[in-house]
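# Observations on chain architecture
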Amino acid sequence: MISLKNVVKVYNPKKANEFTALKGVDAQIEDGEMVAIIGKSGAGKSTLLHILACIDSYEDGEYYIDDELVKKLSEKKYAKIRNEKIGIVMQDFALVEDFSAIENVMIPLSFSKKKISGKKDLALKALDSVGMKEYAKKSCNKLSGGQKQRVAIARAIVNDPTMILADEPTGALDTKTSAEIMELFHELNERGKTVIIVTHDPLVAEQCDRVIEISDGQIVAS
């Protein structure tokens, strides 16, 4: 379970350009939920996602993952949480373009602190689950946008995380490919993964179990 209690995020604190991006955010997301986070540009969606993903810290409040307080941890501990519990899918795919699909998917396995055997087989299994096994050896700079997003999803799930966080995962895709990617997220959710999608697209949001709306750094509907 994910729990946020009065979380405050301030950029450039005590400087002339200080900006409070999150103003006491409270939210709870149960295991196995599929949730959309919506809001206008600058509302705080990506800031919230980065905190949920343990990419960014916060100034005040409490953030719990499975009853573990995520605050002021060592970078080593943050990295462990990111690697073992969280899978991240970015709008721009964030792939190493010169790497093959399987090389990209194997990256999280290489960073894992746990001893993992059969890394190639695990990566192939992840690619197969998103319909990309036949492209395993193909360089990512030769793949279409939809294919790249599938590879990005395979990379996000290869370590079998409990939650998948996606930042505008359909933003750069056409309507047909967007529908296919959303179907993949539904399949992951049906397998028990908690799926959280930041989106500006109402068609994406309405496919989720619940919508959390953020405005001016505060949650206004959930």
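Residues numbered from 1 in each chain as written. Predicted model: local features only at pLDDT ≥ 70, side-chain atom pairs only at ≥ 80, totals over all residues. Heavy atoms only, no water.

### Structural notes on the layout of surface pockets
Approximately 420 Å³ is the volume found for the largest pocket. If you trace the largest pocket, you find 18 residues lining it, with R82, N83, I86, I88 and P108 closest to the centre. When residues of the lining of the largest pocket are traced back to their parent elements, those giving at least two are α2 (75-85), β6 (86-89), α3 (101-111) and α5 (145-157). Looking at the lining of the largest pocket element by element, the count peaks at 4 residues for α2. For the lining of the largest pocket, the per-class residue count stands at 11 nonpolar, 3 polar and 4 charged. Put simply, the second largest pocket is a space of about 240 Å³. Taken together, L122, K125, A126, S129, I157, V158, D160, L188, R191 and K193 make up the full set of residues lining the second largest pocket. The greatest single-element share of the lining of the second largest pocket, amounting to 4 residues, is contributed by helix α4 (residues 119-129). (1 Å grid on protein atoms, 1.4 Å probe; cavity = no way out; pocket = protein on both sides within 12 Å on 5 of 7 lines; lining within 4 Å. Points joined across faces, edges and corners; volume = space filled by probe spheres on them. Helix = DSSP H or I, 4+ residues; strand = E, 2+ residues; numbered from the N terminus. Nonpolar A, V, L, I, M, F, W, Y, C, P; charged D, E, K, R; others polar.)

### Quick notes on the pattern of salt bridges
Per the counting criterion, the structure on display carries 11 salt bridges. Here K80 makes a salt bridge to E84, at a shortest N to O gap of 3.1 Å. One end of the pair is K80 and the other is E84, both in helix α2 and 4 residues apart, which spans about a single turn. Since its relative accessible area comes to 21%, E84 is described here as partly exposed. Between D160 and K193 there is a salt bridge, with the nearest N and O atoms lying 2.4 Å from each other. You can see D160 sitting in the loop between α5 and β7 (163-167) and its partner K193 sitting in the loop between α6 (175-190) and β8 (194-198), a full 33 residues away along the chain. (Salt bridge = Lys/Arg side-chain N within 4 Å of Asp/Glu carboxyl O. Buried < 20%, exposed > 50% of the residue type's maximum accessible area, 1.4 Å probe, protein only.)

### Examining the sheet that holds strand β2 (residues 19-29)
Judged by pairing direction, the sheet is antiparallel, and its 4 strands sit side by side in the order β2-β1-β4-β5 without closing on themselves. The open sheet has two edge strands with one neighbour each: β2 and β5 (68-69). As defined by bridge partners, strand β1 (residues 2-11) adjoins β2 across 8 bridges and the pair is classed as antiparallel. Bridge pairing in β2 places Y11 opposite F19. Along the sheet, helix α1 (residues 45-52) makes contact with β1, β2 and β4 (60-65), crossing β1 at roughly 120 degrees. (Pairing = 2+ DSSP bridges. Contact = heavy atoms within 4.5 Å. Axes fitted to C-alpha atoms, helices over the stretch in contact; angles between N-to-C directions.)

### Let's talk about the pairing of strand β3 (residues 34-38)
Consecutive side chains of a regular strand alternate in pointing toward one face of the sheet and then the other. Here β3 lies mainly inside the structure; 4 of its 5 residues are buried. Sheet topology places β3 next to β8; 4 bridges connect them, and they run parallel. From the neighbouring strand, M34 faces β8, where its bridge partner is V195. In this sheet, strand β9 (residues 210-215) lies alongside β3 in parallel orientation, the contact comprising 4 bridges. Directly across from A36, in β9, lies its bridge partner V211.

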